[in-house]
Amino acid sequence: MGSAKKSNTAARKARIEEMRRAEQARERRNRFLTIGAGVLAVAGLVVGGVYVVKSQDDSSAADAKTSGHFVTGKDGVKTWKGTLGRTHVARTVKYQTEPPVGGDHNKAWMNCNGDVYTKALTNVNAVHSLEHGAVWVTYNSKASKADVDALAAQVRKTPYTLMSPDDKQKDPIMLTAWGSQRTVTGASDPNVGKFFEQFVQGKQTPEPGATCSGGLSQ
């Protein structure tokens, strides 16, 4: 049993390191593409002027494409049964859960390459990170400082994760992935590692391999 556990741990570390290398490669490629796009954009402005498209209004609205409910498994993980919208919108979305587990979202994602935020995030941006396969760790004022610090340390060393406070959530510490969510008792709860193992770039990811860099960083 001990050797099997060590083997699983080694495999997980190798998987995380592989994701980190892939993320760094994507970041370098994205920088190159951004520079190229900037040159083309300037050329376009000189030749043909500016063409602006406003795809959505700025009002707040419910996510009409999301419907369903949670089903809690024996392992304590709540899974969304139903549909989750994936449309890019330029407005605030009224999600059915807090934190949200998916739905329509802004085209800009929050950086989620082990990023720890000290202020609450805008849900429409964090949901986009979930779409990229990130696990979102959130906590409210009832969480202990020791747990928050320990979880932050774990997030910082794990690609495709992010962490932020959320005083609107019901429980002190919650873990969220696209379509899945659970509450944990603290940083030492073994379910933290299990959730990371299952959902960091897990099977639920709508856009596997999508970057967790180059987005918003608060």
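Residues numbered from 1 in each chain as written. Predicted model: local features only at pLDDT ≥ 70, side-chain atom pairs only at ≥ 80, totals over all residues. Heavy atoms only, no water.

Asker: Could you clarify how one ought to interpret the state of the cysteines in this entry?
Answerer: Note on terminology: disulfide describes a covalent bond linking the sulfur atoms of two cysteines. Counted under the stated rule, the structure contains 1 disulfide. Covalently, C112 is tied to C212 through a disulfide, its sulfur atoms 1.8 Å apart. On the sign convention where negative is left-handed, the bridge of C112 and C212, at about -90° about the S-S bond, is left-handed. Pair noted here: C112 is in the loop between β4 (93–94) and β5 (113–116) and C212 is in the segment after α4 (190–199), with a separation of 100 residues, a long-range link. No difference in accessibility class separates C112 from C212, as the two residues are buried. (Disulfide = S-S within 2.5 Å. Helix = DSSP H or I, 4+ residues; strand = E, 2+ residues; numbered from the N terminus. Buried < 20%, exposed > 50% of the residue type's maximum accessible area, 1.4 Å probe, protein only.)

Asker: It is not clear to me how the packing of aromatic side chains should be interpreted in this structure. Could you clarify?
Answerer: Given two aromatic rings, one states the distance between the centres and the angle between the planes to describe the pair. Scanning the model with the defined rule gives 2 aromatic pairs in all. Judged by centre distance (5.3 Å) and plane angle (90°), the rings of F70 and W80 are edge-to-face. Of this pair, F70 sits in strand β2 (residues 67–72) while W80 is found in strand β3 (residues 78–83), placing the two residues 10 residues apart along the sequence. According to the relative accessible area criterion, F70 is partly exposed, its value standing at 22%. On the basis of an interplanar angle of 40° and a centroid distance of 4.5 Å, the ring pair of F195 and F199 is categorised as tilted. In this pair, F195 and F199 are both assigned in helix α4, 4 residues apart and thus about one turn of the helix distant. Of the two residues examined, F195 and F199, each falls in the buried class. (Phe/Tyr/Trp six-rings, centres within 6.5 Å; stacked < 30°, edge-to-face > 60°.)

Asker: So what exactly am I meant to see when it comes to the pattern of salt bridges here?
Answerer: Close approach of charged atoms allows side chains with opposite charge to pair. Inspection of every chain in the model, using the stated rule, returns 3 salt bridges. One salt bridge connects E207 with R86, and the closest N-O pair in it is separated by 3.3 Å. Highlighted residues: E207 in the segment after α4 and R86 in the loop between β3 and β4, separated in sequence by 121 residues. Within this structure, R86, E131 and E207 form a network of salt bridges that share partners. (Salt bridge = Lys/Arg side-chain N within 4 Å of Asp/Glu carboxyl O.)

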